[in-house]
Amino acid sequence: MSAHTSFNKQDLKVLLLEGVHPVAEDIFRQDGYENVTYHKTALSESELLEAINDYHFIGIRSRTQLSDKVLSSAKKLVGVGCFCIGTNQVDLVAAQNRGIPVFNAPYSNTRSVAELVLGEMIMLLRGIPAKNAAAHRGEWLKTAALSNEARGKTLGIIGYGHIGTQLGILAEGIGMKVRFFDIENKLTLGNAEQVTELNELLAHSDVVSLHVPETEQTKGMMGQSQIAQMKPNSILINASRGTVVDIDALANALENKHLAGAAIDVFPTEPKSNSEEFQSPLRAFDNVILTPHIGGSTQEAQENIAIEVADKLIKYSNNGSTMSAVNFPQVSLPEHDKRHRILHIHKNRPGVLMQINQILSDNDVNISGQYLQTQGELGYVVTDIEQGSSQTALEKMRDIEGTIRARVLY
Ligand SMILES: NC(=O)c1ccc[n+]([C@@H]2O[C@H](COP(=O)([O-])OP(=O)(O)OC[C@H]3O[C@@H](n4cnc5c(N)ncnc54)[C@H](O)[C@@H]3O)[C@@H](O)[C@H]2O)c1
Ligand SMILES: O=C(O)[C@H](O)COP(=O)(O)O
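Here's a quick rundown of the structure. (Residues numbered from 1 in each chain as written. Chains lettered and ligands numbered in written order. Predicted model: local features only at pLDDT ≥ 70, side-chain atom pairs only at ≥ 80, totals over all residues.)

### As for the site of ligand 1
The immediate surroundings of ligand 1 are formed by 31 residues, with Gly159, Gly161, Ile163, Pro213 and Gly295 found nearest. Of all the secondary structure elements, the ones that give two or more residues to the shell around ligand 1 are α5 (110–125) and α7 (162–173). Counting residues per element, the shell around ligand 1 draws most heavily on α7, at 3 residues. The class makeup of the residues in the shell around ligand 1 is 11 nonpolar, 15 polar and 5 charged. (Near = placed C-beta within 6 Å. Helix = DSSP H or I, 4+ residues; strand = E, 2+ residues; numbered from the N terminus. Nonpolar A, V, L, I, M, F, W, Y, C, P; charged D, E, K, R; others polar.)

As structure tokens, this is what we get:
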């Protein structure tokens, strides 16, 4: 990674929230970013509105809401790092319109979620949560009623992505039959079987586990009628996003004993901090495992995420590379030692590249490398030039119609 950037790294301010693993702060500092502020908690909207204007980079997890309103106050913001998988807490379009790439860690905590769900599935099939709660109250529920082995049971996975596939393999390892529903045609791993109708999956699964992202289609996808389609005495697990399951419908199904149990890690509304009370109708049920959105919260996952996302933010800051940004044209860039690198982010419209090159030609600037990528409404041109009049060229490029932002690295 080049040690030279147009900004003095000491002047670039980094805000890390929600107790991201401390190795992220170490990585920034080791790369020369001395101005790092670390908070263990999320900031409220009003706190963010007050603070964010000072920062060039922000690192968050799933709690911090980077809305259009918050981003409009973030005048200096260069990049956002979601130190998690989900990016639904960020208004990605608003960030894109401001030329701010958003990075995440799409894989690092997936194994942790799959392992948790496997454990919950075994516990629920044996009726352990209810027996455990009763024992804590002094009751002795020694019975084999509604207590089953996982072997030979059917697991229905909804969303067969990074987590769903790993869960499928782990479940097959203990002798379960795995079926899945996904909107895409997926390569099946092990002996898993893809089904084309959600209702069919629901009707024949002993355990249904959700691993979809939060989208318009997945919001409320497990409502009253879908839960009613589930096999009597089956189990529902949700460690994806809280909006995917209708909690009141689930509570009804548990109340009338249609389901044998559930494990829920994510909720439509979650406490903003560990000191806020957790409210949910599911608290009434001993046969429900309730966890505070910790599917990906293991030491291993959090450290790997911190390394991955901090590296992506630093690479973008130092080098302009946007590989794996979720809302931005992706450009993988070589080092630019001994050259100046101009980054030009603009609205995707014809003629911008031509104007950039005209400016360089008019200023006798020799291009040594050029990269263009577009995504939707956004265009990103990176031009490596021989050292010299990059600042003059940059000023002129900023005047090109449709320019969102431009900066030079040297
Ligand atoms: N509880 C936690 O702490 C925790 C941790 C990590 C991830 N998550 C959540 O889990 C989700 C899944 O993670 P992943 O890494 O497996 O994601 P992924 O993108 O690898 O897989 C998601 C899968 O869902 C499928 N899908 C999308 N919409 C669908 C729909 N309407 N119906 C059926 N399938 C659909 C996609 O095609 C894809 O195969 C994340 O988006 C995140 O919200 C939660
Ligand atoms: O999107 C994710 O990776 C999970 O929901 C975990 O979020 P967290 O970092 O807030 O625990």
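### A closer look at the pairing of strand β4 (residues 79–82)
Judged by which residues are buried, β4 turns out to be covered on both faces: Gly79 and Gly81 on one side and Val80 and Cys82 on the other are all buried. Here 4 bridges tie strand β3 (residues 57–60) to β4, and the two strands are oriented parallel to one another. Pairing of Phe57 across the sheet is with Gly79, part of β4. Here β4 pairs with strand β5 (residues 102–103) via 2 bridges, running parallel. Its bridge partner being in β5, Val80 is matched across the sheet by Val102. Taken together, β4, helix α4 (residues 92–97) and β5 constitute a β-α-β crossover, and its handedness is right-handed. (Buried ≥ 20, exposed ≤ 12 C-beta atoms within 10 Å, placed from the backbone. Pairing = 2+ DSSP bridges. Right-handed = clockwise from strand over helix to strand, strands pointing away.)

### Side note on the site of ligand 2
By nearness alone, every residue bordering ligand 2 is listed as Arg61, Ser62, Arg63, Cys84, Ile85, Gly86, Asn109, His293, Gly296 and Ser297. Among the residues making up the shell around ligand 2, the classes are represented as 2 nonpolar, 6 polar and 2 charged.

### Notes on the nonpolar core
Proteins that are soluble and globular tend to have nonpolar side chains buried together. By size, the foremost hydrophobic cluster in this structure holds 59 residues, and its most contacted members are Phe83 and Val309. Here this core spans two domains, since at least three of its residues come from each of domain 1 (1–104 + 298–328) and domain 3 (329–409). Here Phe83 is in contact with Val20, Ala24, Gly59, Ile60, Arg61, Ala105, Ile305, Ala306 and Val309, once residues within four sequence places are set aside. (Core = buried A, V, L, I, M, F, W, Y, C linked by C-beta atoms within 7 Å. Domains from an automatic or database assignment. Contact = placed C-beta atoms within 7 Å.)

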